[in-house]
Amino acid sequence: MKSFNTTGPCDPQRHYMLPPEERLVGAGLSRYIDEQFYWVLHAPRQTGKTTFLISWMRELNASSKYVSCYVSVEVTQGIADIKRAIP
């Protein structure tokens with residue numbers, strides 16, 4: 001049974017949601033990868049940033065042109081000792 005989710009990344013199998021890939025139609029984000037540019041995705045809390053990035057990662061990997069991974073360092077917030085935080 002699907003439910004609404006406001007606490008983290010959405011899973012289309014488990015949560016009601018708008019398709020994340022449609023939110024940035026026309027943004028041409030692949031050109032940043034092709035041209036080896038860096039970019040920042042900045043938006044307020046709970047607006048779908050993580051959900052979009054995970055969706056885009058899956059799309060990129062399905063294309064077989066790219067290999068993409070999603071890494072979160074959120075769990076290291078508040079850990080001042082870098083040697084303890086990084087592993």
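Refer to the preceding data block for the structure.
Remember, it's a predicted structure, so these values are computed and weren't measured experimentally. (Residues numbered from 1 in each chain as written. Predicted model: local features only at pLDDT ≥ 70, side-chain atom pairs only at ≥ 80, totals over all residues. Heavy atoms only, no water.)

Caption draft 1: Examining the environment of Tyr32 more closely. Along the polypeptide, Tyr32 turns up in helix α1 (residues 29-34). Taking the C-alpha atoms as reference points, Tyr32 and Cys69, 37 residues apart in sequence, are found 16 Å from one another. (Helix = DSSP H or I, 4+ residues; strand = E, 2+ residues; numbered from the N terminus.)

Caption draft 2: Just the pattern of salt bridges, in detail. Scanning the model with the defined rule gives one salt bridge in all. A salt bridge links Lys65 to Asp34; the shortest N-O distance between them is 3.7 Å. On the criterion of sequence distance, the pair formed by Lys65 in the loop between α2 (49-62) and α3 (82-85) and Asp34 in helix α1 is long-range, its members being 31 residues apart. A relative accessible area of 59% means that Lys65 is categorised as exposed. (Salt bridge = Lys/Arg side-chain N within 4 Å of Asp/Glu carboxyl O. Buried < 20%, exposed > 50% of the residue type's maximum accessible area, 1.4 Å probe, protein only.)

Caption draft 3: Region of interest: the packing of aromatic side chains. One pass over the full model with this rule turns up four aromatic pairs. Between Phe52 and Trp56, the ring centres sit 5.9 Å apart and the planes meet at 20°, which makes this aromatic pair stacked. Pair noted here: Phe52 and Trp56 are both in helix α2, with a separation of four residues, about one helical turn. Phe52 sits in the buried class, given a relative accessible area of 7%. According to the relative accessible area criterion, Trp56 is buried, its value standing at 10%. Here the aromatic cluster, defined as three or more aromatic residues joined through ring pairs, consists of Trp39, Phe52 and Trp56. Looking at Arg31, its charged tip hangs above the ring of Tyr32, at a distance of 4.5 Å from the centre. (Phe/Tyr/Trp six-rings, centres within 6.5 Å; stacked < 30°, edge-to-face > 60°. Lys NZ or Arg CZ within 6 Å of the ring centre and 35° of its normal.)

Caption draft 4: Examining the nonpolar core more closely. If you look at the biggest cluster of nonpolar residues, it comprises five residues: Leu29, Phe52, Trp56, Leu60 and Tyr66. For this core, the leading source of residues is α2, giving three residues. (Core = buried A, V, L, I, M, F, W, Y, C linked by side-chain atoms within 4.5 Å.)

No statement about biological role is implied by the geometric values presented.
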